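Coordinate analysis (summary)
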Amino acid sequence: MSAKPKKSPATQTLKLGLPKGSLQDSTFNLFGKAGYRIQVGSRSYYPSIDDPDIECILVRAQEMARYVDQGIFDVGLTGKDWVLEQDADVVEVAELRYAKGGLTPVKWVVAVPEDSPIKSLKDLNGKHIATELVNYTKKYLKAKNVRAEVEFSWGATEVKPPRLADAIVELTETGSSLRANKLRVIDVMLESTTRIIANKKAWKDPWKKKKIDNMIMLLQGALAAEEKVGLKMNVPKKTLNEICGLLPSMHAPTISHLADADWVSLEVILDEKQARDLIPRLKRRGAEGIVEYPLNKVIP
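Residues numbered from 1 in each chain as written. Predicted model: local features only at pLDDT ≥ 70, side-chain atom pairs only at ≥ 80, totals over all residues. Heavy atoms only, no water.

A separate point is the packing of aromatic side chains. One pass over the full model with this rule turns up five aromatic pairs. Ring geometry for Y67 and F73: centres 6.0 Å apart, planes at 80°, overall edge-to-face. Pairing W82 with W108 gives two aromatic rings, centres 5.7 Å apart and planes at 90°, and the pair type is edge-to-face. Within this pair, whereas W82 is found in helix α3 (residues 80–86), its partner W108 is found in strand β7 (residues 106–113), the two being separated by 26 residues in sequence. With relative accessibility at 1%, the residue W108 sits in the buried group. (Phe/Tyr/Trp six-rings, centres within 6.5 Å; stacked < 30°, edge-to-face > 60°. Helix = DSSP H or I, 4+ residues; strand = E, 2+ residues; numbered from the N terminus. Buried < 20%, exposed > 50% of the residue type's maximum accessible area, 1.4 Å probe, protein only.)

Okay, the environment of D25 next. For D25, the position within the fold is in helix α1 (residues 24–34). Sequence separation of D25 and A198 is 173 residues, and the distance between their C-alpha atoms is 22 Å.

What follows concerns the confidence of the model for the chain. In this model, the chain carries a mean pLDDT of 91, and residues with pLDDT of at least 70 account for 94%. Mean pLDDT across the elements of the chain ranges from a minimum in helix α5 (residues 176–180), with 88, to a maximum in helix α6 (residues 200–204), with 97. pLDDT under 50 marks residues 1–9. Its contacts with residues more than four places away, or in other chains, come to zero contacts. (pLDDT = per-residue confidence, 0-100. Contact = heavy atoms within 4.5 Å.)

Time to look at the pattern of salt bridges. When the charged atoms of two side chains lie near each other, side chains of opposite charge can form a pair. Under the defined criterion, the tally for this structure stands at 14 salt bridges. Residue K33 pairs with E226 through a salt bridge whose shortest N-O separation is 3.6 Å. Note that K33 is positioned in helix α1 and E226 in the loop between α7 (206–225) and β13 (228–236), a separation of 193 residues in sequence. A salt bridge links K209 to D213, with the nearest nitrogen and oxygen atoms 3.0 Å apart. With K209 and D213 both in helix α7 and four residues apart, this pair spans about one turn of that helix. (Salt bridge = Lys/Arg side-chain N within 4 Å of Asp/Glu carboxyl O.)

Structure (structure tokens):
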């Protein structure tokens, strides 16, 4: 009899929870820059990813921490606010400073109508507050010795004052929606950024931990590149010191020799906002062939 073929060892899978809703597009874009290609149908909750070791599911960021805590996901992306709201027992592995519309943190604020007599948190005693962040709001008010009724808001929270609530606790990035609804902020309750959280058991698994660490390195590298660009140019040696003096002091340029002994090639990475003012100054001092290019990842 011929020997039976040996079974290959079972392939491990990392169960990844991705946020559906306002963070979905920015998250997919970030993963794309990190080197992961994620695709999903308009009505599907099971995205495909070009890594056979990862299995993705889309869920609301509000629920992510609970599912990671329960081990349904090994790792997930959600806001610090929702980890606190659900009081989830998870490992906060890394911070990713991005949101729906940019790279700045989002804020949960206490807001009231512009003409409201309420001026501070203390004025909320005995009042009615609507919010999606119920549990954390109750804890926050208790810590401030404020007794108010807090109820869950199912949406359109900004339109509830003054008839349906005296105040709201609402998430904001720019404050434009609050201003449009004639609301005034009386307190910033919480500042939140996106976090990568892991299930405690999964985090102790060496294979899963390494897989998560690798993913974080690439995601953070992609974020680091968001506001940076590369500049390369040809520089005459006679003005090299002067041109190097124009470059941001924290960035040491890469200098290479050219076939023409009187010229060198110079390359540097810098903040994108600096390039606009810097390029004309470099040109005036003799730099030629200046090329600005985007970056996908910057790994320290």
